[in-house]
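Residues per chain, in single letters:
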Amino acid sequence: MKRKLKSILLMGLALSVLTSFTGCGEKETVEKDVLDTPAASQTRIITDAVGREVEIPVDVETIICLGSGAPRLAAYLQVMDMVVGSEAYLSEGVNIRRDYNPIYREDLLKLPVVGEGGGSGQNNGFSEEIILVSPDVIIAGFDYEAAEELEAQTGIPVVSVRHSTGLSPESFYKAMRVFGEVIKKEDRAEEVLSYMDSMLSDLTARTENVSEEEKLRAYAGAVTFNGRRGFSGTYSKFGIFDAIHAKNVAEDAAIEGFYEADLEKIMTWDPQVIFLDPGNLDLVTKEYQDHPEYFENLRAVKEGQVYTMPSFNNAGTNFTYAFLNAYHAGKILYPVEFEDVNLEEKAEEIFMKFLGVNLYEEMVAGGLYYGTIQLGE
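These lines cover the structure that appears in this document, whether it is placed above or below. These numbers come from a predicted model, not from an experiment.

So, on to the sheet that holds strand β8 (residues 217-221). Here four strands make up an open sheet; going across it, the order is β10-β8-β12-β13 and the pairing parallel. Each of the sheet's edge strands pairs with one partner strand only, and the pair in question is β10 (247-248) and β13 (306-308). Summarising the sheet, β8 and strand β12 (residues 273-276) pair through four bridges and their orientation is parallel. Residue Tyr219 lies in a different strand from β12, and its bridge partner there is Ile274.

What follows is the structure, encoded as structure tokens:
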């Protein structure tokens with residue numbers, strides 16, 4: 001709103017100066033001429049993902065993307081060429097845990113650093129550096145207060161695209177549409193969302209008619225959520241399992257999302273199939289070495305039914321990885337229903353639709369692979 005107030009003040013000054021050189025009878029005509037100038041209609045109001053009304057330029061040409069999910073959305077919308085500032089985390093090396101990073105890291109490293117980067121939702125922007133870069137709009141995965149704070153610090157419109165993690169949260173759809181509206185890429189936003197809908201429909205159609213008695217009991221452990229986790233780190237209302245109607249032994253009506261499960265409960269649940277994040281296998285291996293008898297008594301371990309499930313959350317959700325995980329889990333839990341799915345071919349399709357580049361080989365080389373796990377080896 002600072003920009004709007006500034007425009008009003010300047011308009012008032014212009015009226016004052018002009019009327020001082022005209023007769024009283026000409027004042028009304030002068031006011032109309034000033035108000036009809038293009039400057040009076042060079043902004044528009046949008047409502048961002050956290051409900052803030054933000055005044056932005058009619059035509060947005062430059063942006064910076066900060067915080068949880070914002071850079072990823074820019075990559076999915078194919079507008080990284082509009083970005084004029086980067087985040088500090090890029091200096092740490094290629095981060096395959098963010099699907100867009102291997103594609104755009106080198107280009108982003110050439111830009112001024114304008115924020116820390118991360119998924120907290122808090123204000124981690126560098127206000128002075130942002131002012132020097134002077135983007136038309138700041139797109140940020142910030143909560144309401146953080147977005148307000150950074151806008152006050154810089155005088156530049158901040159549009160929040162904050163959304164929750166998961167395979168297809170409604171908040172992500174909203175964030176994509178807000179971002180698309182800001183940069184006038186609504187068609188591309190709908191293209192991505194339509195593709196997501198088609199995959200969700202496909203996953204549903206393959207699994208919705210499988211009876212509960214036929215389903216294998218599954219457990220997802222060693223997940224990555226706000227950091228790396230050991231074997232007991234799991235999810236209730238797990239989007240990957242929900243998309244394929246899997247029987248999640250860790251489901252708890254009182255819990256939404258991540259939690260640490262009790263090890264004895266996992267034994268009681270007796271999962272027939274276990275999925276583990278390969279990026280956290282060192283933690284599970286250490287747990288195995290400390291208590292081999294526990295793991296060797298798990299049915300899935302005894303029967304060789306332990307598989308990888310790469311992490312898909314890192315400063316927001318990698319929807320490429322998340323959907324690929326769903327098809328991978330589908331092939332393990334429903335071999336007949338997913339018999340026609342070639343995972344590598346599906347990966348290429350997904351990466352091309354979202355990012356325009358097939359990252360499957362880089363994903364596997366970076367440790368995010370699909371296969372079986374032999375604990376203790």
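So, about the nonpolar core. Core analysis: the biggest nonpolar cluster contains 83 residues, and Ile63, Ile139, Phe179 and Phe354 have the highest contact counts within it. It is helix α14 (residues 319-333) that provides the largest number of residues to this core, a total of nine residues. Ignoring sequence-local partners within four residues, the contact set of Phe354 consists of Ala75, Tyr76, Arg188, Val192, Tyr195, Met196, Met199, Phe319 and Thr320. Of all hydrophobic cores here, the second largest spans 20 residues; its members include Leu276, Val284, Tyr294 and Phe295.

When helix α11 (residues 281-290) is considered as a whole, its buried residues turn out to be Leu281, Val284 and Tyr288. Viewed along the axis of α11, the buried residues span an arc of 60 degrees, placing them on a single side of the element. Here the buried face of α11 lies against β12 and α12 (292-296).

What follows concerns the side chain of Asn280. Structurally, Asn280 is set in the loop between β12 and α11. The buried category is assigned to Asn280, whose relative accessible area is 0%. A distance of 3.1 Å separates polar atoms of two side chains, one belonging to Asn280 and the other to Thr224. Leave out the neighbours within four places in its chain, and Asn280 touches Arg97, Ala222, Val223, Thr224, Arg228 and Arg229.

Before going further, it helps to examine the pairing of strand β9 (residues 233-236). Consecutive side chains along a regular strand alternate between the two faces of the sheet. Side chains Gly233 and Tyr235 of β9 all project onto a buried face; the interleaved residues Thr234 and Ser236 project onto the opposite face, where all are buried too. Where β9 lies against strand β11 (residues 257-260), four bridges are found, and the strand directions are antiparallel. Bridge pairing in β11 links Thr234 to Tyr259.

Together, Glu344, Glu345, Glu348, Glu361 and Glu362 make up a region of like negative charge exposed at the surface. Broken down by secondary-structure element, the contributors of at least two residues to the negative patch are α15 (343-355) and α16 (360-365). Among the elements that take part in the negative patch, α15 stands out by supplying three residues, more than any other. Topologically, Glu344 is positioned in helix α15.

Turning our attention to the sheet that holds strand β3 (residues 63-67). The parallel open sheet is built from three strands, whose spatial order is β3-β6-β7. The open sheet is flanked by β3 and β7 (158-160), the only strands paired with a single partner. Strand-to-strand, the axes of this sheet are offset by a mean angle of 25 degrees, without reference to chain direction. Where strand β6 (residues 137-141) and β7 come together, three bridges link them in parallel fashion. Bridge assignment links Ala140 to a residue of β7, and that residue is Ser160. Where helix α6 (residues 144-154) meets the sheet, it contacts β3, β6 and β7, and its direction lies at approximately 165 degrees from that of β7.

Across its 14 residues, helix α7 (residues 170-183) extends 21 Å between first and last C-alpha, which sits within 8% of the 20 Å expected from 1.5 Å per residue. Within the span of α7, buried status applies to Phe172, Tyr173, Ala175, Met176, Val178, Phe179, Gly180, Val182 and Ile183. Looking at the residues trailing α7, positive phi occurs at Lys184, about 60 degrees.

Reading the values: rules and limits
Residues numbered from 1 in each chain as written. Predicted model: local features only at pLDDT ≥ 70, side-chain atom pairs only at ≥ 80, totals over all residues. Heavy atoms only, no water. Pairing = 2+ DSSP bridges. Helix = DSSP H or I, 4+ residues; strand = E, 2+ residues; numbered from the N terminus. Core = buried A, V, L, I, M, F, W, Y, C linked by side-chain atoms within 4.5 Å. Buried < 20%, exposed > 50% of the residue type's maximum accessible area, 1.4 Å probe, protein only. Contact = heavy atoms within 4.5 Å. Arc of directions from axis to C-beta. Polar contact = N/O pair within 3.5 Å; in protein donor to acceptor, adjacent residues only side chain to side chain. Patch = residues over 30% accessible without salt bridge, like charges linked within 9 Å, V, L, I, M, F, W, Y side chains within 5 Å. Areas by Shrake-Rupley, 256 points an atom, 1.4 Å probe, with all protein chains shown as cover. Salt bridge = Lys/Arg side-chain N within 4 Å of Asp/Glu carboxyl O. Lys, Arg positive; Asp, Glu negative; His and termini not counted. Charge placed at Lys NZ, Arg CZ, Asp CG, Glu CD. Axes fitted to C-alpha atoms, helices over the stretch in contact; angles between N-to-C directions. Expected span 1.5 Å × (residues − 1).

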